[in-house]
Amino acid sequence: MTEPQVDMAQADRRPGSSLKGALADLGRCQLLSLAALAVSGAGTLVVGALLLLPVGIGLLLLPPAAAALRRISDRYRDWAARWTATAISPPQPLPPRPTPHENTTGRHRQARALLGDNGFWHDLRWAWAEPWTGALLAAVPLALVEYGLFGAAVQPFVWRHLGDGNWYAFIPVDSTPAMLTALLLGLGFIAAGLKLAPATLRLHARWSRRLLAAPHTTELVRRIEHLAGSRADILDVQAAELRRIERDLHDGAQARLVALGMTLDEATRLLDRDPPAARALLHEVRATSQRALQDLRELVHGVLPPILADRGIGDAVRSLALDSHLDVHIETALPGRLPAPVESAGYFAVAELLANAAKHSGAPEVHIRLSHTDGALRATVTDAGRGGADPDGSGLQGVRRRLDPFDGTLVLHSPPGGPTTATLEIPCASSSPKTSSSSGTD
Amino acid sequence: MRVVLAEDLFLLRDGLTRTLQEHGFEVIAAVDNGPALLKTLLEEQPDVAVVDIRLPPTFTDEGLQAALEARRSRPALPVLVLSQYVDQLYAHELLAGGQGAIGYLLKDRITHTTQFVDAVRTVAAGGTVMDPQVIARLLARSDARGTTAQLTPRELDVLALMAEGRSNAAVAQTLFISESAVAKHTAAIFTKLRIEPSADDNRRVLAVLAYLKR
């Protein structure tokens, strides 16, 4: 399963970057430890419903209880993604709840489907584990901060009234110096708690992913569905492309060559009788042959630009830049040539992004960066234009379709007011170990 | 005038050889691959080379690479490059040295025999010839940027022909105007585009291209 695309603006908001962030994370820990009550409540409800199955009431009770548990676990998946950018793949949706009109056999069927559902049992397992493990984990920074507050903010005022039995941590607080030590110790606990909160959240998210992520088989099923879908798309696109080429040849170059033959024939017949007319026809022949060549050239360029075939994606994009009326700055760090289909997909995607920038951004210059890192071709197209690009526009949809067969991704970051950054990645190995790195401005 | 020819398609190679011979050129070698071309260029010291960009063994830009390589050891070796398509990047690479004696034409232009032979002669004489398609795209681009907006349509016509390497006389003939009118337009273009006027045809084209590719 490909990792879901995390919006860049969200990924930037990682926790723990500041005191404010740490406080927010502490609040989240608090939320987690409270939410554990809801989790164990829903878990108990589900177990109750399971126990009541033999007497029939369970049939009525199980679907809503399972749905409630699923709502809570979905909330946890959402939190993990929002707070720590940890993507947890959701399980398949629960079997549909029985409609009020359905009879008992219908309910039996629903319940059986539910009992056979992997995701349901995952949720239930998690509902039992979370209060003991996740909630306790989240409580650690909370406890540190709360105990620290008791030491730093409460001890100074109460130690005189508490007498001999008053200990704070390992210090018997019965004198001013001891009180001050407790105060410092308390501040230390608070600091440690705050420091720990972001890490705890991340740990909790990882733990949740382990329990809540869809089972491997579900992921595989999804992957297969995705592959089948994208394969169907590719076949469609390919068939359409072949039809287009066939039509272009048929209506373009082929028709012109036929006309050419006819005109030549006519000119041959006129050669003796009317030389000036024959000459005129021969001029026509030349013009037609040139148009036929032009047609073929455009067709070839649409299938595979010759410079891409000759030189690869780096120089092909550079050539693209020379034709653009924008100032295009190009930086490449590519290890020689990449597999031809990857180069082609990358080239046409970059061409589309550049055309988009020229059409909509209003920016005078564009920066393009091509690199091959971590086994993927990565292209970034940045403009300082007005932003607000529609990620579902037909152009960008076309780019996504191009990248789909390669498991490629396109991430668009285009807040209103700009700047716009489009980053595409196509997983691939490079076919040559030679590294060529260069940069240029055109 | 001694010519080296590089073209991998037999029919075209044969046709080109005949065309050039008919116009008084001496075709001293007609090769069909990149390595042979480079070897011949370095050994034979021709007056001009007519080279197809795509040649064996790689069938990529072997011909262009051989020509550029030969010009590194013999700067300003006149080379006229032919191709099924013209690419701005290749035009830039050919012009990069700034020595001139470069031509870059679509293969279609061979059918205009006189223009093709003129181009070979211009390049052999140290001039620069760019395919009208290169020029049209440069003009379209600078048009979109507003850099040629200040020129009149007539001046644009003159600029385009000038950039193709035509002399004032040829421009005048093509546009059916007098040579002095061409000179006047040329002066106006140089003033408007702030290019230093120069008597040298070759530098004139280079100046135009340098301006257009900004």
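Our subject is the structure that appears above.
Residues numbered from 1 in each chain as written. Chains lettered and ligands numbered in written order. Predicted model: local features only at pLDDT ≥ 70, side-chain atom pairs only at ≥ 80, totals over all residues. Heavy atoms only, no water.

Asker: I keep staring at the interface of chain B and chain A and nothing clicks. Help me out?
Answerer: Where interface size is given, it is often the accessible area lost as the parts come together that is meant. Each partner contributes to the interface: chain B provides 23 residues, whereas chain A provides 20 residues. Looking at the side of chain B facing chain A, the largest losses of area belong to Leu89(B), Asp108(B) and Arg141(B), adding up to 27% of the total buried there. Across the contact surface, chain B and chain A share 5 salt bridges. Note that Arg297(A) is salt-bridged to Asp108(B), the shortest N-O span being 2.7 Å. Taken together, the residues that form the side of chain B that touches chain A break down as 7 nonpolar, 8 polar and 8 charged. (Contact = heavy atoms within 4.5 Å. Buried area = accessible area lost by both parts, 1.4 Å probe. Salt bridge = Lys/Arg side-chain N within 4 Å of Asp/Glu carboxyl O. Nonpolar A, V, L, I, M, F, W, Y, C, P; charged D, E, K, R; others polar.)

Asker: Could you clarify how one ought to interpret unusual backbone geometry in this entry?
Answerer: The general pattern is negative phi for most residues beyond glycine and trans for most peptide bonds. Following Pro56(B), the chain continues into Pro57(B) via a peptide bond in cis, with omega recorded as 0 degrees. Along the chain, the position of Pro57(B) falls in the loop between strand S3 (48-52) and helix H3 (62-73). Positive phi, normally seen in glycine, also occurs at Asp374(A), with a value near 50 degrees. Relative accessible area serves as the criterion here: at 81%, Asp374(A) is assigned to the exposed category. Non-glycine residue Phe176(B) carries a positive phi angle of around 55 degrees. Along the chain, Phe176(B) falls in the loop between helix H8 (168-175) and helix H9 (179-193). (Helix = DSSP H or I, 4+ residues; strand = E, 2+ residues; numbered from the N terminus. Buried < 20%, exposed > 50% of the residue type's maximum accessible area, 1.4 Å probe, protein only.)

Asker: Explain the nonpolar core to me, please; I cannot follow it from the model alone.
Answerer: For soluble globular proteins, nonpolar side chains are generally found buried alongside one another. In terms of nonpolar packing, the biggest core is built from 85 residues, with Ile368(A), Leu424(A), Leu37(B) and Tyr104(B) touching the most fellow members. At 9 residues, the largest contribution of residues to this core is made by helix H12 (residues 340-361) of chain A. For Leu424(A), the contacting residues outside a window of four places in its chain are Ala349(A), Val350(A), Leu353(A), Leu377(A), Arg378(A), Ala379(A), Leu403(A), Thr409(A) and Leu410(A). Core analysis: the second largest hydrophobic core is formed by 38 residues, Ala49(A), Ile72(A), Ala197(A) and Ala213(A) among them. (Core = buried A, V, L, I, M, F, W, Y, C linked by side-chain atoms within 4.5 Å.)

Asker: What exactly am I supposed to notice about the pattern of salt bridges here?
Answerer: Where side chains of opposite charge bring their charged atoms close, a pairing between them can arise. Summed over the entire model, instances satisfying the criterion amount to 29 salt bridges over all chains. Asp315(A) is paired through a salt bridge with Arg311(A); the nearest N and O atoms lie 2.8 Å apart. Look at Arg311(A) and you get buried, because its relative accessible area is 15%. Asp52(B) serves as the salt-bridge partner of Lys107(B), at 3.0 Å between the closest nitrogen and oxygen. Taken together, the positions of Lys107(B) in the loop between strand S5 (102-106) and helix H5 (113-124) and Asp52(B) in strand S3 put the pair 55 residues apart, joining distant regions of the chain. The class for Lys107(B) is buried, based on a relative accessible area of 9%.

Asker: What is the right way to read the sheet that holds S5(B) from this model?
Answerer: Backbone-to-backbone hydrogen bonds pair the strands of a sheet. The strands run either parallel or antiparallel. Residue and element names in this part refer to chain B. The strand order across the open sheet built from 6 strands is S2-S1-S3-S4-S5-S6, with neighbouring strands paired in parallel fashion. A strand with exactly one partner marks an edge of an open sheet, and here the two such strands are strand S2 (26-31) and strand S6 (128-130). On average, each strand axis in the sheet is tilted by 15 degrees relative to the strand beside it, whichever way the strands run. The pairing of strand S4 (residues 79-83) with S5 spans 5 bridges and is classified as parallel. Note that in S5 the partner of Val 81 across the bridge is Tyr 104. (Pairing = 2+ DSSP bridges. Axes fitted to C-alpha atoms, helices over the stretch in contact; angles between N-to-C directions.)

Read these as layout, nothing more, since geometry by itself doesn't imply function.
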